[in-house]
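Observations on the three-dimensional arrangement
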Amino acid sequence: LYSKLQPEQNSSVAIWLSFVKEEIKNAISQKELPIIVGGTGMYISSLMEGISLVPEIDPKVRQISTEYFEKNGATNLQKKLISFGEKKLIDRQRLIRAYEVYLQTGKTIAYFQSQPKEKILKNAKFIHLNLDIPRDELYENCNSRFEKMLQQGAISEVKELRQNIKDVNYAIAKTLGYFEICQYLDEQISKDEMINIVSQKTRNYAKRQLTWFRNQIPNKKSCNNPSDAIKYLINEIC
């Protein structure tokens, strides 16, 4: 699903599930084994365990919700949602989403999350594997990741995106490294500072991913190296 969406498009768990469901079905129809690789734990968990479905939102309702946020701010909208019985939310996207759902349905996001989850692929059997490599090796991968991105043209890509996307609230603007590259282009930080900051943020993100998968995903197998992981998968599949 890499490059599935345009830069100005935002995603969600439900949107991703609709895409991945189609890809899994295509693979099975061609007698291939689907392998889902990712780091976004909530997405992977929703694929395996199911999701609480929320009705489709009318675009006009979404616009009203967005305009209310822009006019009244996060604090005001937070108070309004809590008065409806919604739990405390943090960022702009979740606040707007919660308000549009309430406007459309008269119910909170928390209500829908409390309902029984619906599995996207009801008869699928999932084998979940964590590749839990040594921390030093993981952090070295994190450090080299951003440098590889720079070698492959990340700075030019951000330049082009900035010309076409002015709204800093687009999801792509929250991508690891995007903000720091913008700071570098604006001469607010040096190239070395940019690399150091993004590498640290990448390591922090990887650490949070590890914690999430260890604590949230049941019935998983952890392997310390790729060779053991491949052997385990072959044994389980065959």
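The notes below deal with the structure included here.

The rules behind each value
Residues numbered from 1 in each chain as written. Predicted model: local features only at pLDDT ≥ 70, side-chain atom pairs only at ≥ 80, totals over all residues. Heavy atoms only, no water. Helix = DSSP H or I, 4+ residues; strand = E, 2+ residues; numbered from the N terminus. Buried < 20%, exposed > 50% of the residue type's maximum accessible area, 1.4 Å probe, protein only. Contact = heavy atoms within 4.5 Å. Areas by Shrake-Rupley, 256 points an atom, 1.4 Å probe, with all protein chains shown as cover. Lys, Arg positive; Asp, Glu negative; His and termini not counted. Charge placed at Lys NZ, Arg CZ, Asp CG, Glu CD. Expected span 1.5 Å × (residues − 1). Polar contact = N/O pair within 3.5 Å; in protein donor to acceptor, adjacent residues only side chain to side chain. Core = buried A, V, L, I, M, F, W, Y, C linked by side-chain atoms within 4.5 Å. Axes fitted to C-alpha atoms, helices over the stretch in contact; angles between N-to-C directions. Parallel < 35°, antiparallel > 145°, perpendicular 65-115°, else oblique. Nonpolar A, V, L, I, M, F, W, Y, C, P; charged D, E, K, R; others polar. Phe/Tyr/Trp six-rings, centres within 6.5 Å; stacked < 30°, edge-to-face > 60°. Disulfide = S-S within 2.5 Å. Salt bridge = Lys/Arg side-chain N within 4 Å of Asp/Glu carboxyl O.

Quick look at the overall build of the chain
Of regular secondary structure, the chain possesses ten helices and two strands. Taken from N to C terminus, the helices and strands of the chain fall in the order α-α-α-α-α-β-α-α-α-α-β-α. Based on the C-alpha atoms only, the size of the chain along its principal axes is roughly 55 × 50 × 35 Å. For the chain, the proportion of its 238 residues judged to be buried stands at 30%. Considering only residue pairs separated by 6 or more positions, the chain has 67% of its internal contacts joining residues 24 or more positions apart. For the chain, the accessible surface area stands at approximately 16000 Å², while carbon and sulfur atoms represent 49% of it. If you average the places of the 35 positive and of the 28 negative side-chain charges in the chain, the two averages end up 6 Å apart.

Considerations on helix H4 (residues 92–105)
Given a rise of 1.5 Å per residue, 14 residues ought to cover 20 Å, and the 20 Å separating the end C-alpha atoms of H4 matches this to within 8%. Among all positions in H4, only Leu-95, Ile-96, Ala-98, Tyr-99, Glu-100 and Val-101 are buried. Contacts made by the buried residues of H4 are with helix H3 (59–84) and helix H5 (109–114). The opening residue of H4, the one whose side-chain oxygen lies 3.3 Å from the backbone nitrogen of Gln-93, is Asp-91. Immediately beyond the C-terminal end of H4, within one or two residues, lies Gly-106, with a positive phi of roughly 75°.

Let's talk about the nonpolar core
Phe-146, Leu-150, Tyr-178, Ile-181 and Met-194 are the most contacted members of the largest nonpolar core, which totals 15 residues. Counting only elements with at least two residues in this core, the list comes to helix H6 (135–151), helix H7 (154–164), helix H8 (178–185) and helix H9 (191–216). Broken down by element, the residue count for this core peaks at four residues, all from H7. Sequence-distant contacts of Met-194, that is, excluding residues within four places in its chain, are made with Phe-146, Leu-150, Ile-155, Glu-180, Ile-181, Tyr-184 and Ile-189.

Structural notes on the packing of H3 against H4
In the contact formed by H3 and H4, the axes pass within 8 Å of each other and the chain directions differ by 95°. Classed by the angle they form, the pair H3 and H4 counts as roughly perpendicular. Tallied by class, residues from the contact of H3 with H4 come to 14 nonpolar, four polar and six charged.

Digging into the packing of aromatic side chains
Inspection of every chain in the model, using the stated rule, returns five aromatic pairs. Ring centres of Trp-16 and Tyr-43 lie 5.4 Å apart, and the angle between their planes is 55°; this geometry places the pair in the tilted category. Highlighted residues: Trp-16 in helix H1 (residues 13–29) and Tyr-43 in helix H2 (residues 41–49), separated in sequence by 27 residues. As far as burial versus exposure is concerned, Trp-16 and Tyr-43 are alike and both buried. Aromatic pair Tyr-68 and Tyr-99: ring centres 5.1 Å apart, planes at 50°, arrangement tilted. A residue pair is termed long-range when its members are at least 10 positions apart, and Tyr-68 in helix H3 and Tyr-99 in helix H4 qualify at 31 residues. Here Tyr-68 and Tyr-99 have matching classes, each one buried.

Let's talk about the state of the cysteines
Taken as a whole and assessed by the stated rule, the structure comprises zero disulfides. Cys-223 provides the cysteine sulfur closest to Cys-142, a residue in no disulfide bond, and the two sulfurs are 19 Å apart.

Details of the pattern of salt bridges
Counted according to the given criterion, the structure contains seven salt bridges. Glu-100 is the partner of Arg-62 in a salt bridge, and the nearest nitrogen-oxygen pair spans 3.2 Å. Residue Arg-62 is found in helix H3, and its partner Glu-100 is found in helix H4; the two are separated by 38 residues along the sequence. A relative accessible area of 36% means that Arg-62 is categorised as partly exposed.

Observations regarding the side chain of Ser-52
Relative to the helices and strands, Ser-52 is located in the loop between H2 and H3. At 3.5 Å, the side chain of Ser-52 and the backbone oxygen of Gln-113 are in polar contact. In terms of polar contacts, Ser-52 uses its side chain to reach the backbone carbonyl oxygen of Gln-115, at 3.5 Å. Discounting residues that sit within four places of it in the chain, Ser-52 has contacts with Phe-112, Gln-113, Gln-115 and Lys-117.

Fair warning: the whole summary comes from geometry, so function is off the table for now.
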